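Coordinate inspection notes
Chain residues, written in single-letter form:
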Amino acid sequence: MSRNILVVAESRGGSLRNVSYEVLTAAKRVADGGVITAVALGSDSPGYAESLGAHGASRVYAVTNPELDTYTTDAYFQALYQVIQEVNPDAVFMPHTAIGKDLAPRIAARLGVGLISDVVDVEVRDGQVVFTRPIYAGKAFEQRAVTAGTMFATIRPNNLPIDASGSTSAEVLPFTASCKDLRTVVKDVVQKMAGRVDLTEAKVIVSGGRGVKSAEGFAPLQELADLLGGAVGASRGACDAGYCDYSLQIGQTGKVVTPELYIAAGISGAIQHVAGMSNSRIIVAINKDPEAPIFQIADYGIVGDLFEVIPLLTEEWKKVLTAV
Ligand SMILES: Cc1cc2nc3c(=O)[nH]c(=O)nc-3n(C[C@H](O)[C@H](O)[C@H](O)COP(=O)(O)OP(=O)(O)OC[C@H]3O[C@@H](n4cnc5c(N)ncnc54)[C@H](O)[C@@H]3O)c2cc1C
């Protein structure tokens with residue numbers, strides 16, 4: 001059964017975020033010959049048609065209103081709602097990012113449909129689309145299907161593979177939304193972490209906990225992360241202690257990450273932290289306490305002082321990388 005899917009693309013700083021392509025992967029899995037339409041918001045949106053086409057979209061609604069150059073709930077909500085009314089898709093898929101988490105429930109409520117959030121896998125089984133999502137802070141997974149009405153789902157970053165096997169650039173459909181009575185206007189955006197790797201899209205994360213003991217203690221973690229082209233993360237324990245900014249917090253009330261490699265240094269492995277990183281492909285734990293719960297979910301455990309282990313790892317990786 002073919003399905004027409006609307007994919008909401010997300011961009012930052014003039015380029016598409018990887019999760020936009022992952023959402024297109026989800027759409028391709030279920031479209032079954034139906035039309036995949038993407039929608040991109042902001043003045044740069046027509047320029048995204050080529051890469052959205054290469055990843056599976058056959059047409060792109062480019063909504064170029066200047067009010068959409070930076071995110072506000074009101075403007076994005078109005079624009080997206082109008083595009084959905086125009087396209088009338090069988091399914092709407094969008095990234096499970098800060099923007100997706102803010103926007104999707106509002107749109108679903110206005111459309112009067114259910115929302116399946118934080119999807120980590122999607123497949124068609126006996127003609128029915130089945131979504132998999134974590135529950136109980138990642139301790140279990142549930143599967144859901146939509147039996148009637150528009151399917152609406154948000155897709156967690158870094159879980160579905162990116163597939164760039166599409167051949168052509170997508171057709172661009174310019175669209176001007178009517179954005180009225182906006183209650184918020186963004187005048188300026190001040191970026192805290194400019195130039196660093198985006199934590200939610202990083203392939204390697206070196207994360208520090210209370211065991212790092214100070215802001216200066218994060219320096220060896222940053223050095224290792226830089227060497228591996230990765231990002232530094234943190235537990236809430238480290239953030240609460242003032243060793244680092246809350247923008248680095250990983251966990252239930254922080255960011256959810258799924259890198260190829262997650263190195264947890266001086267982190268005990270509380271359930272709330274594990275909820276944000278347990279789907280990482282390989283987990284390495286470094287902790288002085290052999291009984292620390294983090295070792296229960298680690299693929300590799302190193303019992304030792306992180307201030308000895310991290311510099312040794314950095315040194316060894318340097319040797320390996322210069323030998324390649
Ligand atoms: C509602 C709620 C939401 C929460 N959300 C989050 C969340 O999103 N993210 C999060 O992380 N936490 C969250 N927490 C807090 C969580 O419960 C833990 O308190 C927190 O994760 C502990 O941080 P930690 O592992 O860094 O510190 P600790 O538990 O104090 O662990 C420090 C670890 O460092 C080890 N260590 C010390 N020195 C060294 C050394 N030199 N070398 C190696 N190891 C060393 C110790 O053995 C210990 O295991 C939440 C809690 C609540 C109640």
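Our subject is the structure that appears above.
Residues numbered from 1 in each chain as written. Predicted model: local features only at pLDDT ≥ 70, side-chain atom pairs only at ≥ 80, totals over all residues. Heavy atoms only, no water.

1. Things to note about the site of the ligand
Taken together, 25 residues lie around the ligand, and Arg210, Ser235, Thr253, Ser268 and Asn287 are the ones closest in. Between the ligand and the protein, one listed contact pairs a nitrogen atom with a side-chain N or O atom of Lys213 at 2.9 Å. Its free accessible area being 980 Å², the ligand has 75% of it covered by the protein chains. Where the shell around the ligand is concerned, the elements lending two or more residues are helix H6 (236-240) and helix H7 (271-274). Along the lines of polarity and charge, the residues of the shell around the ligand split into four nonpolar, 15 polar and six charged. (Near = heavy atom within 4 Å. Polar contact = N/O pair within 3.5 Å; in protein donor to acceptor, adjacent residues only side chain to side chain. Areas by Shrake-Rupley, 256 points an atom, 1.4 Å probe, with all protein chains shown as cover. Helix = DSSP H or I, 4+ residues; strand = E, 2+ residues; numbered from the N terminus. Nonpolar A, V, L, I, M, F, W, Y, C, P; charged D, E, K, R; others polar.)

2. Details of the environment of Gly237
Residue placement: Gly237 occurs in helix H6. C-alpha separation for the pair Gly237 and Gly209, spaced 28 residues apart in sequence, amounts to 6.0 Å.

3. So, the sheet that holds strand E9 (residues 128-135)
In space, the three strands of this open sheet follow the order E8-E9-E10, with antiparallel pairing throughout. Only two strands of the sheet have a single partner each, and these edge strands are strand E8 (121-125) and strand E10 (140-144). The mean angle between the axes of side-by-side strands here comes to 25°, regardless of whether they run parallel or antiparallel. In terms of strand pairing, E8 meets E9 through five bridges, oriented antiparallel. Directly across from Val124, in E9, lies its bridge partner Val129. (Pairing = 2+ DSSP bridges. Axes fitted to C-alpha atoms, helices over the stretch in contact; angles between N-to-C directions.)

4. Things to note about the packing of helix H5 (residues 219-227) against helix H9 (residues 306-323)
The description of two packed helices rests on the angle between their axes and on the distance between the axes. Running from amino to carboxyl end, H5 crosses H9 at an angle of 20°, the nearest separation of the two axes being 10 Å. Taken as axis vectors, H5 and H9 run roughly parallel relative to one another. Crossing angle aside, the handedness with which H5 passes H9 is left-handed. Mapping the contact onto sequence places Pro220, Leu221, Glu223, Leu224 and Leu227 in H5 and Leu306, Phe307, Ile310, Leu313, Thr314, Trp317, Lys318 and Leu321 in H9. (Parallel < 35°, antiparallel > 145°, perpendicular 65-115°, else oblique. Left-handed = near helix turned anticlockwise from the far one by under 90°. Contact = heavy atoms within 4.5 Å.)

5. What about the packing of aromatic side chains?
Two aromatic rings, taken as a pair, are described by how far apart their centres are and by the angle between their planes. Per the counting criterion, the structure on display carries four aromatic pairs. Plain terms: the ring middles of Tyr61 and Phe175 are 5.8 Å apart, the flat faces sit at 70° to each other, and that makes the pair edge-to-face. Within this pair, whereas Tyr61 is found in strand E5 (residues 59-63), its partner Phe175 is found in strand E12 (residues 171-175), the two being separated by 114 residues in sequence. Relative accessible area serves as the criterion here: at 7%, Tyr61 is assigned to the buried category. Between the aromatic rings of Phe77 and Tyr81, the centroid separation amounts to 6.0 Å while the plane-to-plane angle is 15°, which identifies the pairing as stacked. Of this pair, Phe77 and Tyr81 both sit in helix H3 (residues 73-87), separated by four residues, roughly a single helical turn. Here the basic side chain of Arg110 rests over the ring of Tyr81, its NZ or CZ set 5.6 Å away from the ring centre. (Phe/Tyr/Trp six-rings, centres within 6.5 Å; stacked < 30°, edge-to-face > 60°. Buried < 20%, exposed > 50% of the residue type's maximum accessible area, 1.4 Å probe, protein only. Lys NZ or Arg CZ within 6 Å of the ring centre and 35° of its normal.)

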